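# Observations on the three-dimensional arrangement
So the chains spell out like this:
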Amino acid sequence: MAADPVRDRGATTIADRVVAKIASQAAREALEAVPEGGSAPHTSVVVHRDVARVSVSLELAYPSDIGRQCGAVRGRVRSRVEDLVGMEVHEVAVHVERLHSTLTHQTTPRGRLS
């Protein structure tokens with residue numbers, strides 16, 4: 001039986017959590033800044049063969065151009081995952097979880113006032 005050069009080279013498998021970490025970093029790079037009191041973007045990834053679907057949850061400052069920032073996140077995540085991992089990214093879903101306003105930033109504890 002002849003040696004199969006393709007089979008002898010082996011395979012490289014990249015874990016979903018690695019792709020998610022790359023996507024999260026790319027989302028941070030795309031944002032102007034994480035709002036004061038906000039948290040960094042969180043990502044989840046589903047990989048099937050060499051195709052990734054990414055979901056990004058993030059918090060944005062208010063007021064801001066939400067559509068432009070979400071578009072920047074989509075583009076940056078797609079390009080970084082494709083460039084660094086070599087996977088196609090068919091979908092980048094961006095979920096804005098919270099808007100942070102500097103105008104309504106509370107310094108008093110939340111709750112019922114007496």
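Just above, that's the structure.
Residues numbered from 1 in each chain as written. Predicted model: local features only at pLDDT ≥ 70, side-chain atom pairs only at ≥ 80, totals over all residues. Heavy atoms only, no water.

Of the voids in this model, the second largest pocket is the one considered here, and its volume is about 160 Å³. Lining of the second largest pocket is provided by T12, T13, I14, D16, V47, R49, D50, V85 and M87. Of the residues that constitute the lining of the second largest pocket, the class distribution is 4 nonpolar, 2 polar and 3 charged. (1 Å grid on protein atoms, 1.4 Å probe; cavity = no way out; pocket = protein on both sides within 12 Å on 5 of 7 lines; lining within 4 Å. Points joined across faces, edges and corners; volume = space filled by probe spheres on them. Nonpolar A, V, L, I, M, F, W, Y, C, P; charged D, E, K, R; others polar.)

Over its 15 residues, helix α2 (residues 16-30) runs 21 Å from end to end, which matches the ideal 21 Å to within 8%, given 1.5 Å per residue. Within the sequence span of α2, burial applies to V19, A20, A23, S24, A26 and A27. Viewed along the axis of α2, the buried residues span an arc of 165 degrees, placing them on a single side of the element. Exposed residues pointing more than 90 degrees away from the buried face of α2 are listed as R17 and K21. Tucked into the core, α2 has its buried residues touching β1 (42-48), β2 (51-62) and α3 (66-85). (Helix = DSSP H or I, 4+ residues; strand = E, 2+ residues; numbered from the N terminus. Expected span 1.5 Å × (residues − 1). Buried < 20%, exposed > 50% of the residue type's maximum accessible area, 1.4 Å probe, protein only. Arc of directions from axis to C-beta. Contact = heavy atoms within 4.5 Å.)

What follows is about the pattern of salt bridges. One pass over the full model with this rule turns up 5 salt bridges. R53 is the partner of E91 in a salt bridge, and the nearest nitrogen-oxygen pair spans 3.7 Å. Remark: R53 occurs in strand β2 and E91 occurs in strand β3 (residues 88-101); sequence separation between them is 38 residues. Accessibility expressed as a relative area gives 39% for E91, which makes it partly exposed. Exposure remark for R53: the relative accessible area of 41% places this residue in the partly exposed category. (Salt bridge = Lys/Arg side-chain N within 4 Å of Asp/Glu carboxyl O.)

On to unusual backbone geometry. Geometrically, the link from Y62 to P63 is a cis peptide bond, its omega value of 0 degrees lying close to zero. Examined against the element boundaries, P63 turns out to sit in the loop between β2 and α3. Positive phi is not limited to glycine here, since R49 has a value of about 60 degrees.

Tracing the backbone through its elements, the reader meets E36 in the loop between α2 and β1. The exposure class assigned to E36 is exposed, which follows from its relative accessible area of 61%.

Right, let's get into α3. Here α3 spans 28 Å end to end across 20 residues, near enough to the 28 Å set by a 1.5 Å rise per residue. Turning to α3, its buried residues number three or more, namely Q69, C70, V73, V77, V81 and V85. In an axial view of α3, the angular spread of the buried residues amounts to 95 degrees, which keeps them on one side of the axis. Away from its buried face, by an angle of more than 90 degrees, α3 presents the exposed residues G67 and D83. Of the surrounding secondary structure, the elements contacted by the buried residues of α3 are α2, β2 and β3.

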